[in-house]
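Notes for the structure review
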Amino acid sequence: MNVRRLIPAAALAGALALAAPALTACSGTPSAGAADGRLAVTASFYPMQFLAEQIGGDRVQVASLTKPGVEPHDLEITPKQTAQLGESDVVLYLKGLQPAVDEAVAQAGVKNTVDAATLTKLDAHGPGGHDHEGAHGEEAGHSEEAGHSEGDGHSHGEAGGDPHVWLDPSKYAEIAKGVGAALEKADPGHAADYRKNTDELVGKLTALDTEFKDGLKNTATRTFITTHAAFGYLAERYGLDQEGISGVDPESEPSPARMKELQERAKKENVTTVFFETLASDKTAKSLAADAGLKTDVLDPLEGITDKSQGADYFEVMRSNLKNLQKALGAK
């Protein structure tokens, strides 16, 4: 079982209090916002953008630093984007996921920032993002020698943990509540609208969580293999065992020993499918699948929405992920 760590002062109950100090400059009256009077919100990448759009509605003007099709981990910030940060009423980001964004936010001196990593619990497990639940708990200790985090050049999340928290709908709902509180503080004149939209979004995320619980309750196997070890939170939430080929860096190359280990694990755990994602190469997944006689399919970490995505928004892509997991795991 993963060791859990509660980030100091980051519990959901403190979301309003956490947002308030950062937004005191504009808490008294609605912000001047965008040119048309709306609240100007800058989001670091798609999951933050989606929250801002869903909760803000027509009261906000949302811009994303990460354009569609760009791998978020590799984002480089332009001077223009840094200036945009400084002019924003609210900045939403997830500290540790995108080093360039963290640096730009610090340089821009943005006061009204919301770090999603402080709005829920983050795992203390390493950047390999592996989730060895239950009977597999004893295996967590061999991740270094097995190459579970090999090639990961990024510092992901607090203390190097897995930052892909939005892939657990229940945790994403906690973050949504914190974002809603921040928008209320930034634009108190429309607080009721933000509160209503937040409640509606949380309701939809709660329903999605139930869909995943019911849909993955009875399966032939609990293990899945994926090129990008981004699904640790999802796996933990629904009692699954994620085996990442390379770690949280989707472009890193696994060692021959790791590939052999995965072939053996696939046979032992009756794995049928190797998952790859839309924003990274499928070469490694197809190589492993060919060697082990497995199928390939898409499991989208939802770091961005493109024309190749299995849906038009967060909910559609997550339901596609559920369908693909059910097929691969032999859901009954």
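Now for a look at the structure at hand. Keep in mind it's a predicted model, so treat the numbers as computed, not measured. (Residues numbered from 1 in each chain as written. Predicted model: local features only at pLDDT ≥ 70, side-chain atom pairs only at ≥ 80, totals over all residues. Heavy atoms only, no water.)

Attention now moves to the packing of helix α6 (residues 169-186) against helix α7 (residues 191-215). One way to put it is that α6 packs onto α7 with a least axis distance of 9 Å and a crossing angle of 180°. Judged on the interaxial angle alone, α7 and α6 are roughly antiparallel. Residues Pro 169, Ser 170, Tyr 172, Ala 173, Ala 176, Lys 177, Gly 180, Leu 183 and Glu 184 of α6 touch α7, and the partners they reach there are Ala 191, Tyr 194, Arg 195, Thr 198, Leu 201, Val 202, Leu 205, Leu 208 and Asp 209. Residues belonging to the contact of α6 with α7 are distributed by class as follows: eleven nonpolar, three polar and four charged. (Axes fitted to C-alpha atoms, helices over the stretch in contact; angles between N-to-C directions. Helix = DSSP H or I, 4+ residues; strand = E, 2+ residues; numbered from the N terminus. Parallel < 35°, antiparallel > 145°, perpendicular 65-115°, else oblique. Contact = heavy atoms within 4.5 Å. Nonpolar A, V, L, I, M, F, W, Y, C, P; charged D, E, K, R; others polar.)

Its 25 residues place the ends of α7 36 Å apart at the C-alpha level, agreeing with the 36 Å of an ideal helix rising 1.5 Å per residue. What α7 keeps buried is the set Ala 191, Tyr 194, Asn 197, Thr 198, Leu 201, Val 202, Leu 205, Leu 208, Asp 209, Phe 212 and Gly 215. The secondary structure elements touched by the buried residues of α7 are β2 (39-43), α2 (46-56), β3 (60-64), α6, α8 (232-237) and α11 (314-329). (Expected span 1.5 Å × (residues − 1). Buried < 20%, exposed > 50% of the residue type's maximum accessible area, 1.4 Å probe, protein only.)

Among the structural elements, Glu 303 can be located in the loop between β10 (295-298) and α11. For the buried residue Glu 303, which engages in no salt bridge, the nearest side chain bearing the opposite charge is Lys 308, 15 Å off. Looking at Glu 303, its side chain comes within polar contact range of the side chain of His 73, at 2.9 Å. Not counting residues within four places of it along the chain, the set of residues in contact with Glu 303 comprises Phe 45, Tyr 46, Pro 47, Glu 71, Pro 72, His 73, His 164, Trp 166 and His 228. (Lys, Arg positive; Asp, Glu negative; His and termini not counted. Salt bridge = Lys/Arg side-chain N within 4 Å of Asp/Glu carboxyl O. Polar contact = N/O pair within 3.5 Å; in protein donor to acceptor, adjacent residues only side chain to side chain.)

On to the sheet that holds strand β5 (residues 113-115), then. An order of β3-β2-β4-β5 is seen for the four strands of this open sheet, with the pairing classed as parallel. If you trace the sheet from one side to the other, it starts and ends with β3 and β5, each paired once. The mean angle between the axes of side-by-side strands here comes to 20°, regardless of whether they run parallel or antiparallel. Note that β2 and strand β4 (residues 90-93) share three bridges and pair parallel. (Pairing = 2+ DSSP bridges.)

This part covers the sheet that holds strand β7 (residues 223-226). In spatial order, the strands read β8-β7-β9-β10; together these four strands make up an open sheet with parallel pairing. Looking along the sheet, the strands with just one partner apiece sit at the ends: β8 (241-244) and β10. Looking at each pair of strands side by side, their axes are set apart by 35° on average, direction ignored. Here four bridges tie strand β9 (residues 273-276) to β10, and the two strands are oriented parallel to one another. Residue pairing across strands places Phe 276 opposite Val 298, the latter belonging to β10.

Moving on to α6. An α-helix turns once per 3.6 residues; consequently, residues spaced three or four apart project the same way. With 18 residues, α6 extends 25 Å from end C-alpha to end C-alpha; this agrees with the ideal 26 Å at 1.5 Å per step. In terms of burial, α6 is a largely internal element, 14 of the 18 residues being buried.

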